[in-house]
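# Summary of the model geometry
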Amino acid sequence: MSSILKKTDLGAWAAALEAEVFAPALADGVWAYQPVAPGANDGGVALTHPNTARPPKNFAFPQREVLYTFEQLKGQAPKLTETLPNPAPVVVMGVRPCDGRGAPRNDMVFTGAFDDPYYQSRRAKTAYVGLACNTPPSPNCFCKAVGGSPSSKEGLDVQLTDLGDRYHVVAVTPRGEELIEAGGKLFAEAGAADEKESQRLHSEAAKCEQRTFGDLAAAAPALKKNFDSEMWQSLAKACIGCGICTFLCPTCHCFDISDEVTGQSPMRGERVRTWDNCQFPDFTMHSSGHNPRETLGARLRQRVNHKFLYFVENNGTQQCTGCGRCISFCPVGIDIVAVLDRMIQA
Amino acid sequence: MVDIVNIRAHAKDLLEKGTVKMVLGYQRGTAGVLAEPAFITDAGQADHLVWDPTCVQNLALYLVNEKKAQSHQRDPDTRPIAIIAKGCDSRAVAVLLQERHFERKDVHVIGVSCGTLGVVDKNKLSKALNGRVATKVEPHGTDSFKVTTAEGFVDVAAADVLADRCLECACAYPAMHDVVFGEKHEDRGYPARFTALGQLEAKSEDERWAYWEGHFNRCLRCYACRSVCPMCYCPECVVDSIELMVDPTTSADEKANRIKWIERSAVASENSMYHLVRAIHLAGRCIDCAECERVCPVDIPIRMLNNKLEKEAKDMFGYEPGLDPELPSLVASFRDDDPNSFIR
Ligand code: SF4
Ligand code: SF4
Ligand code: SF4
Ligand code: SF4
């Protein structure tokens with residue numbers, strides 16, 4: 001069963017949800033998930049964004065997470081206090097399908113072999129209301145090449161499809177059903193014509209031209225074969241070794257842990273987890289001074305191999321969801337699609 | 001007008017004769033409309049070079065990287081590197097020479113004049129095109145660009161899409177060069193230098209604090225602004241210490257307690273510290289290529305910080321970096337008539 005929501009009622013729906021609601025808004029020239037002010041009318045929530053600069057991964061995996069606090073009085077044992085988060089429910093609106101597909105991939109990392117309670121307590125409270133792409137919002141979109149689609153529901157709780165003046169709304173999970181129920185009379189039952197129109201838009205979008213590197217299944221073996229290739233060095237020649245491609249990636253999840261001391265007597269502070277990334281020089285720096293990934297070529301290889309080889313070996317699926325951010329935002333044009341293309345051709 | 005054919009011919013000649021080991025320039029990329037850096041070592045590839053208003057990057061960075069790489073090579077090729085340099089880029093090369101990062105003989109500067117134009121700002125361009133995607137940008141006359149999109153050609157006024165730094169450019173004609181393409185234009189007809197900075201300075205202290213606090217709060221600390229800067233060449237930076245010397249007697253405590261000037265957390269206090277340290281370290285060195293601002297994925301107006309210190313150096317010491325590679329750098333020079341107003 002599916003429903004219809006008038007665009008002008010989007011704000012009212014957000015207000016009816018017992019949760020902190022976030023939606024993309026243009027702030028300081030950048031599309032970013034912004035809190036929706038209580039009582040916002042449709043002017044407060046209008047899903048007119050291309051894709052946000054930062055992905056929504058921070059809702060479950062914030063850039064800074066306090067793991068515990070510590071305090072030590074002179075001569076005594078240190079006292080540790082756990083700081084497990086207990087966040088209010090969060091609803092993120094306007095999530096593009098590629099970013100939706102990022103969520104289950106991050107779940108694989110933080111669930112299973114290592115159950116991460118910090119991640120999970122936030123993830124359990126986060127719901128994603130997705131927006132299908134009627135046309136790819138960026139020329140660097142390549143969701144289709146990585147097994148997704150502009151109307152993928154994977155990882156989403158609700159899927160919205162833009163029908164002009166209204167949305168066709170589909171609940172994907174039980175949490176999604178709850179969210180729609182909370183909207184009450186704002187939602188009308190969708191007619192057969194609406195459902196048909198929604199389907200038509202999805203199949204039109206699936207026909208849109210996107211970037212591609214060819215056969216997804218060929219990527220992992222090609223990367224394995226070319227591990228020692230000279231190509232990595234030349235492909236990374238222009239790379240400046242910044243954190244853009246990884247910090248903006250919906251599925252990059254590497255982190256660092258450090259102690260931040262806030263007082264000396266008694267000695268106290270916080271143990272924090274912060275985003276880290278494989279492009280920084282100190283990422284693999286050993287305390288001996290040896291760095292096994294000294295060169296930018298080795299770091300580019302790590303980034304691409306993690307997405308398309310190691311994650312496949314460990315989890316049976318590639319990690320990249322084709323959002324295209326690492327391409328569009330790279331200051332010097334390093335292009336993961338072109339890199340994969342080269343590796344597969346070689 | 002700069003004709004790319006002449007640049008290619010010059011690059012080819014240099015590589016054929018073997019007088020340079022590489023030509024740093026621009027080529028078409030796959031990621032979008034902007035050109036990407038090209039590292040041409042083979043005369044046969046000189047035809048890949050392009051020159052147009054999408055050649056935004058300051059390639060002087062790669063002179064620095066090449067120098068660093070050389071120091072690790074057993075038998076480095078010490079022939080000079082040729083670099084295609086816009087006016088601002090040429091000033092960066094000059095600063096690196098002033099700071100003795102390499103010698104004049106190590107570099108062959110192929111200057112290109114921006115004439116009355118400059119390079120485009122990608123964000124302004126996409127705004128001006130209102131959803132259409134540019135696939136090519138060419139100069140059109142002296143004050144506009146001809147932009148190609150899938151839906152056809154659009155003529156866009158240069159003043160609407162030029163990068164901010166180009167609008168206020170002090171040096172659209174290369175300050176130093178071995179060969180130069182294009183003509184010099186004295187009056188480019190854009191706002192005077194420091195116009196945007198003046199508007200920010202006119203605000204109250206509280207307003208300015210709120211402005212920067214808001215921006216620093218949003219910073220991801222991806223360090224792209226630092227990593228792209230040709231003058232940020234320190235091997236050890238305050239933000240990522242990679243040079244802790246460890247020997248067999250270094251204890252675990254010493255490793256754990258090495259000085260951390262700035263915490264990894266991307267919070268306002270640490271972010272401000274990072275940006276202010278960086279700005280101070282660039283005083284009298286920054287030449288306003290504004291690469292830091294261009295690369296920022298969240299549009300933090302970093303150029304304004306460096307602009308402020310650039311202006312300070314100019315007002316206090318009459319100093320402008322990178323105009324003459326023979327002059328000493330600001331911090332390495334002293335004149336009897338320096339104001340020294342901070343020493344009391
Ligand atoms: S990659 Fe696909 S899902 Fe993501 S924004 Fe582009 S079209 Fe939409
Ligand atoms: S690797 Fe690039 S395209 Fe793939 S999900 Fe990450 S940012 Fe998006
Ligand atoms: S590939 Fe691009 S975005 Fe990534 S580290 Fe290199 S320069 Fe930065
Ligand atoms: S490029 Fe932008 S986000 Fe990255 S560190 Fe610099 S100011 Fe912060």
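As a starting point, this report considers the structure included with it.

Each value, and the rule that gives it
- Residues numbered from 1 in each chain as written.
- Chains lettered and ligands numbered in written order.
- Predicted model: local features only at pLDDT ≥ 70, side-chain atom pairs only at ≥ 80, totals over all residues.
- Heavy atoms only, no water.
- Helix = DSSP H or I, 4+ residues; strand = E, 2+ residues; numbered from the N terminus.
- Rg over C-alpha atoms; globule rule 2.2 N^0.38 Å.
- Buried < 20%, exposed > 50% of the residue type's maximum accessible area, 1.4 Å probe, protein only.
- Contact = heavy atoms within 4.5 Å.
- Areas by Shrake-Rupley, 256 points an atom, 1.4 Å probe, with all protein chains shown as cover.
- Near = heavy atom within 4 Å.
- Nonpolar A, V, L, I, M, F, W, Y, C, P; charged D, E, K, R; others polar.
- Polar contact = N/O pair within 3.5 Å; in protein donor to acceptor, adjacent residues only side chain to side chain.
- Expected span 1.5 Å × (residues − 1).
- Arc of directions from axis to C-beta.
- Pairing = 2+ DSSP bridges.
- Axes fitted to C-alpha atoms, helices over the stretch in contact; angles between N-to-C directions.
- Parallel < 35°, antiparallel > 145°, perpendicular 65-115°, else oblique.
- Salt bridge = Lys/Arg side-chain N within 4 Å of Asp/Glu carboxyl O.
- 1 Å grid on protein atoms, 1.4 Å probe; cavity = no way out; pocket = protein on both sides within 12 Å on 5 of 7 lines; lining within 4 Å.
- Points joined across faces, edges and corners; volume = space filled by probe spheres on them.
- Phe/Tyr/Trp six-rings, centres within 6.5 Å; stacked < 30°, edge-to-face > 60°.
- Lys NZ or Arg CZ within 6 Å of the ring centre and 35° of its normal.
- Core = buried A, V, L, I, M, F, W, Y, C linked by side-chain atoms within 4.5 Å.

### Re the overall build of chain A
- Helix and strand counts for chain A stand at 11 helices and 12 strands.
- Since a compact globule built from 346 residues should have a radius of gyration of about 20 Å, the 22 Å found for chain A is in line with a globular shape.
- Out of the 346 residues belonging to chain A, those deemed buried represent 55%.
- When contacts within chain A are restricted to residue pairs at least 6 apart in sequence, those whose partners lie at least 24 apart make up 73%.
- When the accessible surface of chain A is split by element, carbon and sulfur atoms take 53% of a total near 14,800 Å².

### A look at the site of ligand 4
All names here are of chain B.
- Taken together, 14 residues form the shell around ligand 4, and within it Cys 219, Cys 222, Tyr 223, Cys 225 and Cys 296 come nearest.
- Mapped onto the shell around ligand 4, the elements with two or more residues apiece are α9 (224–227) and α11 (268–281).
- Tallied by class, the residues present in the shell around ligand 4 amount to 12 nonpolar, one polar and one charged.

### Some thoughts on the side chain of A:Gln279
Residues and elements named next belong to chain A.
- For Gln 279, the position within the fold is in the loop between β12 (267–275) and α9 (296–315).
- Engagement of the side chain of Gln 279 in a polar contact is seen with the backbone oxygen of Arg 299, the distance being 3.0 Å.
- Apart from the residues within four sequence positions on either side, Gln 279 is in contact with Cys 239, Gly 241, Cys 242, Cys 245, Thr 246, Arg 299, Leu 300 and Arg 303.

### Overview of the site of ligand 3
- Around ligand 3, the structure places A:Cys239, A:Ile240, A:Gly241, A:Cys242, A:Ile244, A:Cys245, A:Gln279, A:Arg303, A:Cys330, A:Pro331, A:Val332 and A:Ile334.
- Classifying every residue of the shell around ligand 3 by side-chain character gives nine nonpolar, two polar and one charged.

### Looking at helix α5 (residues 192–207) of chain A
Residue and element names in this part refer to chain A.
- Taking 1.5 Å as the rise per residue, α5 with 16 residues should run 22 Å; its terminal C-alpha atoms sit 23 Å apart, in good agreement.
- Restricting attention to buried positions, one finds in α5 the residues Asp 194, Ser 198, Leu 201, His 202 and Ala 205. On an axial view of α5, the arc spanned by its buried residues comes to 100°, and they lie on one face. Summarising the geometry of α5, the exposed residues directed more than 90 degrees from the buried face are Ala 192, Ala 193, Lys 196, Gln 199 and Lys 207.
- Considering only its buried residues, α5 is in contact with β1 (2–6), β8 (158–162) and β9 (166–171).

### Considerations on the sheet that holds strand β7 (residues 152–157) of chain B
All names here are of chain B.
- The strand order β5-β6-β7 describes an open sheet built from three strands, whose pairing is antiparallel. Two strands lie at the open edges of the sheet, namely β5 (134–140) and β7, each paired on one side alone. Strand after strand, the sheet turns through a mean of 25° between neighbouring axes, direction not considered.
- Alignment of β5 against strand β6 (residues 144–149), held across six bridges, turns out to be antiparallel. Across the sheet, residue Lys 136 finds its bridge partner in β6, namely Thr 148.

### Concerning the packing of helix α6 (residues 216–225) of chain A against α9(A)
All names here are of chain A.
- The contact between α6 and α9 brings their axes to 9 Å, and the two run at 100°. What the angle tells us is that α6 and α9 run roughly perpendicular. Two secondary-structure elements touch here, α6 through Leu 216, Ala 219, Ala 220, Leu 223 and Lys 224 and α9 through Val 304, Asn 305, Phe 308, Leu 309 and Glu 313.
- Of the residues contributing to the contact of α6 with α9, the split by class is seven nonpolar, one polar and two charged.

### Quick word on the sheet that holds β8(A)
All names here are of chain A.
- The eight strands are arranged β3-β2-β6-β7-β8-β9-β1-β10 in an open sheet whose pairing can be described as mixed. If you trace the sheet from one side to the other, it starts and ends with β3 (30–35) and β10 (187–189), each paired once. Strand-to-strand twist in this sheet, taken as the mean axis angle between neighbours without regard to direction, amounts to 30°.
- Where strand β6 (residues 90–95) meets strand β7 (residues 126–131), five bridges bridge the pair, whose relative direction is parallel. If you follow Val 91 over to β7, its bridge partner there is Ala 127.

### Some thoughts on the pattern of salt bridges
Residues and elements named next belong to chain B.
- Per the counting criterion, the structure on display carries 45 salt bridges over all chains.
- Here Asp 164 and Lys 124 are joined by a salt bridge, their closest N and O atoms 2.6 Å apart. Pair noted here: Asp 164 is in helix α6 (residues 164–167) and Lys 124 is in helix α4 (residues 122–129), with a separation of 40 residues, a long-range link.
- By sharing partners, the salt bridges in this structure join Glu 168, Arg 193, Asp 288, Arg 303, Glu 310 and Glu 320 into a single network.

### Focus: empty space enclosed by the protein
All names here are of chain B.
- All chains considered together, the criterion is met by nine cavities of 30 Å³ or more.
- Space inside the largest cavity adds up to approximately 150 Å³.
- As for the largest cavity, its lining consists of 18 residues, and the residues nearest its centre are Cys 229, Cys 286, Cys 289, Ala 290 and Cys 292.
- Among the elements of the structure, α12 (291–295) and α13 (303–317) are those that each provide at least two residues to the lining of the largest cavity.
- Among the elements that make up the lining of the largest cavity, the one with the highest residue count is α13 (three residues).
- Here the residues of the lining of the largest cavity sort into 11 nonpolar, three polar and four charged.

### Observations concerning the packing of aromatic side chains
- Taken as a whole and judged by the stated rule, the model has 17 aromatic pairs over all chains.
- Arranged with centres 5.2 Å apart and planes meeting at 40°, the rings of A:Phe61 and A:Phe110 form a pair that is tilted. Residue A:Phe61 is located in the loop between β3 and β4 (64–72), and its partner A:Phe110 is located in helix α2 (residues 97–110); the two are separated by 49 residues in the primary sequence.
- By relative accessible area, A:Phe110 is classed as buried at 4%.
- Among the aromatic residues, ring-to-ring pairing joins A:Phe61, A:Phe110, A:Tyr119, A:Phe247, A:Phe255, A:Trp275, A:Phe280, B:Tyr223 and B:Tyr274 into one connected group.
- Between the NZ or CZ atom of A:Arg301 and the centre of the ring of A:Phe227, over which it lies, the distance is 3.8 Å.

### Describing the environment of B:Val298
- Take B:Val298: it is sitting in the loop between α12 and α13.
- For the pair formed by B:Val298 and B:Arg218, sequence separation is 80 residues and the distance between their alpha carbons is 7.5 Å.
- With near-sequence residues (within four places) excluded, B:Val298 lies in contact with A:Val30, A:Arg54, B:Arg218 and B:Leu220.

### Section: the nonpolar core
- Grouped together as the largest cluster of nonpolar side chains are 114 residues, with contacts concentrated most on A:Phe308 and B:Val93.
- In terms of residue count, helix α3 (residues 87–98) of chain B provides more of this core than any other element does, seven residues in total.
- Every residue in contact with B:Val93, bar those within four places of it in the chain, is listed here: B:Ala60, B:Leu63, B:Ile83, B:Phe102, B:Val107, B:Val109 and B:Met176.
- Residues A:Ala23, A:Val91, A:Val129 and A:Phe187 belong to the second largest nonpolar core, which totals 22 residues.

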